[in-house]
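Spelled out from the first residue to the last, the chains are:
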Amino acid sequence: MFNPLTWLKVTKAHAHCDIPCGIYDPITAKIAAQTVLKMVMRIEALEYPGGGSHETQTTYRNTFGRYVTVKEQHAELVKHEVDILWHDYFKPEHLEKYPDLHTTVWDTTKLASANKQNVDLDAARRLVESVDKIADAFWATK
């Protein structure tokens, strides 16, 4: 039986993070948080067609569903991207400079979850602000 490991010379690889340094960037989290805000604004601006035609009702339900889906997907993306920064980028020396960073990350992920569960303009705005705060700390430590 052929075993490729018998002819491949395997060497150890050493790394201190999942991806090469310098690739981390909070921009994806920022765009995702802004998308959550935009979808909440669009959901709140939707006018229920009331006794409109079947086509009008269907269009409303489709649009509403799409806005909710995008809002929830991007709220989850915020959680994912912030989690990557927290676990892979930020180090103890960053916490010395930004002692509230742990709480900010915690609050941001909780806000992202709240935005998945509800349509709340204030919570969406706070999510954008919280992600911006993490991004500011990121760029200040870069």
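Located above this text is the structure these notes cover.
Residues numbered from 1 in each chain as written. Predicted model: local features only at pLDDT ≥ 70, side-chain atom pairs only at ≥ 80, totals over all residues. Heavy atoms only, no water.

## As for the overall build of the protein
- Scanning the protein for helices and strands turns up 5 helices and 0 strands.
- Listing each helix as α and each strand as β along the protein from the N terminus yields α-α-α-α-α.
- Looking at the protein residue by residue over its 142 residues, the buried ones come to 33%.
- Residue pairs in contact within the protein that sit at least 24 positions apart in sequence constitute 75% of those at least 6 positions apart.
- Total accessible area on the protein is roughly 9300 Å²; 56% of this is exposed by carbon and sulfur atoms. (Helix = DSSP H or I, 4+ residues; strand = E, 2+ residues; numbered from the N terminus. Buried < 20%, exposed > 50% of the residue type's maximum accessible area, 1.4 Å probe, protein only. Contact = heavy atoms within 4.5 Å. Areas by Shrake-Rupley, 256 points an atom, 1.4 Å probe, with all protein chains shown as cover.)

## Notes on the environment of Pro49
- Its location among the elements puts Pro49 in the loop between α1 (27–45) and α2 (54–89).
- Taking the C-alpha atoms as reference points, Pro49 and Tyr60, 11 residues apart in sequence, are found 7.2 Å from one another.
- Pro49 has contacts with Thr56, Gln57 and Tyr60, leaving out every residue within four places of it along the chain.

## Topic: the packing of aromatic side chains
- Following the criterion strictly, the structure yields 6 aromatic pairs and no others.
- Both rings, one in Tyr60 and one in Phe64, keep their centres 6.1 Å apart while their planes meet at 15 degrees; by these two values the pair is stacked. Of this pair, Tyr60 and Phe64 both sit in helix α2, separated by 4 residues, roughly a single helical turn.
- Its relative accessible area of 33% is what places Phe64 among the partly exposed residues.
- The interplanar angle of 85 degrees and the centroid separation of 4.8 Å between the aromatic rings of Phe138 and Trp139 together place this pair among those described as edge-to-face. (Phe/Tyr/Trp six-rings, centres within 6.5 Å; stacked < 30°, edge-to-face > 60°.)

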